[in-house]
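Read off the chains here:
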Amino acid sequence: MITEGRNISEVQSQLDPQALGQEMHALMAELYPICRSITGDGFRRTLERLRREIPLEVREVPSGTRVFDWTVPREWNIRDAYVKNSRGERLIDFQKHNLHVVSYSVPIHRKMPLGELKKHLHTLPDQPDLIPYRTSYYAENWGFCLSHRELLRMEEGEYEVEIDASLEDGHLTFGEYFVPGDTPEEILISCHACHPSLCNDNLSGVAVATYLAKHLAGAALRYSYRFLFIPGTIGSITWLSLNEERVSEIRHGLVLTCVGDRGGLTYKRSRRGDAEVDRAVQHVLEHSGERHEILAFSPYGYDERQYCSPAFNLAVGCLMRTPHGQFPEYHTSADNLDLVDPAKLADTVAKCLAIFSVLENNRAYLNRNPKCEPQLGRRGLYSAMGGGDVKQLELAMLWVLNLSDGSSKLLDIAERAGLGFDLIQRAADLLEQHDLLAEVPILSSSAEPEERVATWTKSKP
Ligand SMILES: [Zn+2]
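A brief structural summary. Bear in mind that the values here come from a model prediction, so they are computed numbers and not experimental data.

Quick notes on the rules
- Residue positions within a chain follow its written sequence, with the count starting from 1.
- Given that the model is predicted, a residue must reach a pLDDT of at least 70 before its local features are reported, and side-chain atom pairs must reach 80 or more before they are shown or counted; all residues, however, enter totals for whole chains, interfaces and linings.
- Heavy atoms throughout the structure, all of them, feed into the side-chain values; hydrogens and water do not.
- Each metal's donors comprise the N, O and S atoms found within 2.8 Å of it (within 3.2 Å for Na, K or Ca). Water is not part of the atom list, so some coordination spheres may appear incomplete.
- Relative accessibility thresholds used throughout: buried, under 20% of the residue-type maximum; exposed, over 50%; partly exposed, between the two (1.4 Å probe, protein chains only).
- All axes are obtained by fitting lines to C-alpha atoms, using only the stretch in contact for helices, and the reported angles, taken between N-to-C directions, cover 0 to 180 degrees.
- By the criteria applied, helices consist of DSSP H or I runs no shorter than four residues and strands consist of E runs no shorter than two, each listed in order from the N terminus.
- The cut-offs work like this: below 35 degrees is roughly parallel, past 145 is roughly antiparallel, 65 to 115 is roughly perpendicular, and the gaps in between are oblique.
- Rotating anticlockwise by less than a right angle from the far helix to the near helix defines a left-handed crossing, while the corresponding clockwise rotation defines a right-handed one.
- Every residue pair with non-hydrogen atoms within 4.5 Å of one another is taken to be in contact.
- Residues belong to one nonpolar core when they are buried, are Ala, Val, Leu, Ile, Met, Phe, Trp, Tyr or Cys, and are joined through side-chain atoms within 4.5 Å.
- Charge counting treats Lys and Arg as positive and Asp and Glu as negative, with His and both chain ends excluded.
- Salt bridge criterion: a side-chain nitrogen from Lys or Arg within 4 Å of a carboxyl oxygen from Asp or Glu.
- We call two N or O atoms a polar contact when they sit within 3.5 Å, provided that within protein one can donate a hydrogen and the other can accept it, with sequence-adjacent residues counted only if both atoms are side-chain atoms.
- A 1.4 Å probe that fits into a set of points on a 1 Å grid over the protein atoms alone but cannot get out defines a cavity; an open set with protein on both sides within 12 Å along at least five of seven lines defines a pocket, and lining residues are those with an atom within 4 Å of a point.
- Grid points are joined across faces, edges and corners, and a volume is the space filled by probe spheres set on the points.
- Here the nonpolar group is Ala, Val, Leu, Ile, Met, Phe, Trp, Tyr, Cys and Pro; Asp, Glu, Lys and Arg are the charged ones; every other residue, Gly included, is treated as polar.
- The arc in question is the one traced by the directions running from the helix axis out to the C-beta atoms.
- Cysteine sulfurs are considered disulfide-paired once they come within 2.5 Å of each other.
- Each Phe, Tyr or Trp ring (for Trp, its six-membered ring) is paired with any other whose centre lies within 6.5 Å, and the angle between the two planes then decides the class: stacked below 30 degrees, edge-to-face above 60, tilted in between.

Quick look at the coordination of the zinc ion
For the zinc ion, the full set of protein donor atoms is His195 (NE2), Asp201 (OD) and His331 (NE2), and the range of their distances to it is 2.0 to 2.1 Å. When the donor residues of the zinc ion are listed from N- to C-terminus, their spacing reads H-x5-D-x129-H. Among the residues examined, His195 registers a relative accessible area of 8% and is labelled buried. Asp201 sits in the buried class, given a relative accessible area of 0%.

This is how it looks when you write it as structure tokens:
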């Protein structure tokens, strides 16, 4: 990436959405066939592929490690699985689609009649052509998934069932990539990478996070950025448990999931509800002029549940397109490469960069000529405005001058003025160049979460 030394606005303006979308979609196509789960070689192979894009670090946490109220599970690996009829034909074949096996199935190899086998078969009678996605992480079980039509074709008789898998002590694997900025204060980007052949749910977030990391590496950044590629739920719990001392550096964060379908963007607020990231996302989506939805926080969904648990209460929201469960392809074989639109992937990257740009540039200023309005014309500011919407820029300058008493940041001003952040920022830059504005040194905006974690830790029995 040729992002060396450029700020986020410059990175944004250099994006070629069409090429970017195609590259991300091609990456997803390579990752799609891999049988991922919350542990195991499928997850490792996924990270190995991502390491060709970004130098992420691969972490391994042994099975049995206590992580808060949870325990890192045994590692699951699968080589083959099938159900054969009496003629030796593979009626259900893991080699054809990895959704055919319930994730975390224990090994089995024996013959049984259809009646007994049926207790372990999962279908979707309402979507009879699709294979469902099922898991059994925390209960020892085995099973197969198939289309309801395939099930209806199965005749009475003896079937040979084999799942050649292992469930043994090993590791939980996750990927972490840190892009340093001017301050150790961090923006966290988290995505789950634990689903097998499913695209919008898991791979779209993986692709967007990877390309965000690629574009931010080497750029001139105020914040540091931490990217996590983790198994859902147990991954964020494990990361938080291993990094409890470090979370106080996290100022803002986004969980990325289901970001490649053709729906508009949806943002679920952090538990705090009015954190800077919540306001930044809302601002960017509202000023995009595109269809979007803002949802209140709820303790159901993806890894934001862990980041927003009461002892952490991090300013982390969840960015999606169509939310999980609200598109019919969700957790089925129809969540495939066709469901994901390269243009939407690229648009998600662009929107994330716009959100980061607001966060990076959201600073407070002091009006250096606060006694009545300064004479803008005398300072050559009207000619400095150049092309574009001069009236709007003048209005933006008046708002910035009026509200820059040190208590308002640029996002506060943009919200109150009903103007776009970029315009307010341009006005502030111009006024600063003409000595009418001085930046207020950044106060630690979020001493609060640190204190909260500290108090919480102290109050533990
Ligand atoms: Zn899912």
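After presenting the structure, the write-up continues.
A short note on the packing of helix H8 (residues 276-286) against helix H13 (residues 410-417)
Remark: H8 packs on H13, axes separated minimally by 11 Å, with the N-to-C direction vectors making an angle of 45°. Here H8 is positioned oblique relative to H13, judged by the angle of their axes. The hand of the H8/H13 crossing is left-handed. Facing Glu276, Arg279, Ala280 and His283 of H8, the residues of H13 in contact are Leu411, Asp412, Ala414 and Glu415.

So, the nonpolar core
Of all hydrophobic cores here, the largest spans 139 residues; its most connected members are Leu117, Phe144, Tyr225, Phe227, Phe229 and Phe356. Sequence-distant contacts of Phe227, defined by excluding residues within four places in its chain, comprise Gly175, Glu176, Tyr177, Val179, Ile189, Ala209, Leu212, Ala213 and Leu216. Core analysis: the next-biggest nonpolar cluster, separate from the first, contains six residues, Leu99, Ile131, Tyr133 and Leu198 among them.

Remarks on the side chain of Asp261
Within the secondary structure layout, Asp261 lies in the loop between strand S13 (250-256) and strand S14 (265-268). Despite its burial, Asp261 pairs with no opposite charge; the closest candidate is Arg321, at 6.0 Å N-O. A polar contact is formed between the side chain of Asp261 and the side chain of Asn200, at a distance of 2.9 Å. A distance of 2.8 Å separates the side chain of Asp261 from the backbone nitrogen of Gly263, its partner in a polar contact. Once residues within four sequence positions are removed from consideration, Asp261 is found in contact with Asn200, Arg321, Thr322, Leu339 and Lys344.

Observations regarding empty space enclosed by the protein
Taken as a whole, this structure holds one cavity of 30 Å³ or more when the rule is applied. Here the largest cavity defines a volume of roughly 40 Å³. Lining the largest cavity, in full, are Cys35, Arg36, Trp76, Asn98, Val101, Ser103 and Pro196. The class makeup of the residues in the lining of the largest cavity is four nonpolar, two polar and one charged.

Focus on the packing of helix H6 (residues 199-216) against helix H10 (residues 342-361)
With their axes 10 Å apart at the nearest point, H6 and H10 run at an angle of 50° to one another. The pairing of H6 with H10 is recorded here as oblique in orientation. At the point where H6 passes H10, the crossing takes the right-handed sense. Touching Ser204, Val208, Leu212 and Leu216 of H6 are Leu345, Thr348, Val349, Cys352, Leu353 and Phe356, all from H10. When grouped by side-chain class, the residues that make up the contact of H6 with H10 number eight nonpolar, two polar and no charged.

Structural notes on H13
Residues Leu410, Leu411, Ile413, Ala414 and Ala417 constitute the buried set of H13. Along the axis of H13, the buried residues cluster in a sector spanning 160°; they form a single face. Where H13 is buried, its residues touch H8, H10, strand S17 (364-367), helix H12 (390-403), strand S18 (405-409) and helix H14 (421-433).

Structural notes on the state of the cysteines
Under the criterion given, the structure shown has zero disulfides. Cysteine Cys35 shares no disulfide, and the gap to the nearest cysteine sulfur, in Cys145, comes to 11 Å. Owing to a relative accessible area of 0%, Cys145 belongs among the buried residues under this scheme.

Section: the layout of surface pockets
A water-sized probe rolled over the atoms picks out the places where empty space is left. Counted as a void, the largest pocket has a volume near 460 Å³. Taken together, 21 residues make up the lining of the largest pocket; nearest its centre are His195, Thr233, Gly301, Arg305 and His331. Considering only residue class, the lining of the largest pocket consists of ten nonpolar, eight polar and three charged.

Regarding the packing of aromatic side chains
Considering all chains together, one arrives at nine aromatic pairs under this definition. Centroid distance Tyr104 to Tyr137: 5.5 Å. Interplanar angle 90°. Geometry classified as edge-to-face. With a gap of 33 residues between them, Tyr104 in the loop between strand S5 (90-93) and strand S6 (108-113) and Tyr137 in the loop between strand S7 (121-122) and strand S8 (144-145) connect regions that are remote in the sequence. Ring geometry for Trp142 against Phe144: centres 6.4 Å apart, planes inclined by 80°, an arrangement best described as edge-to-face. In this pair, the class of Trp142 matches that of Phe144, namely buried. Aromatic ring contacts, followed pair by pair, group Trp70, Trp76, Tyr104, Tyr137 and Tyr138 into a single cluster.

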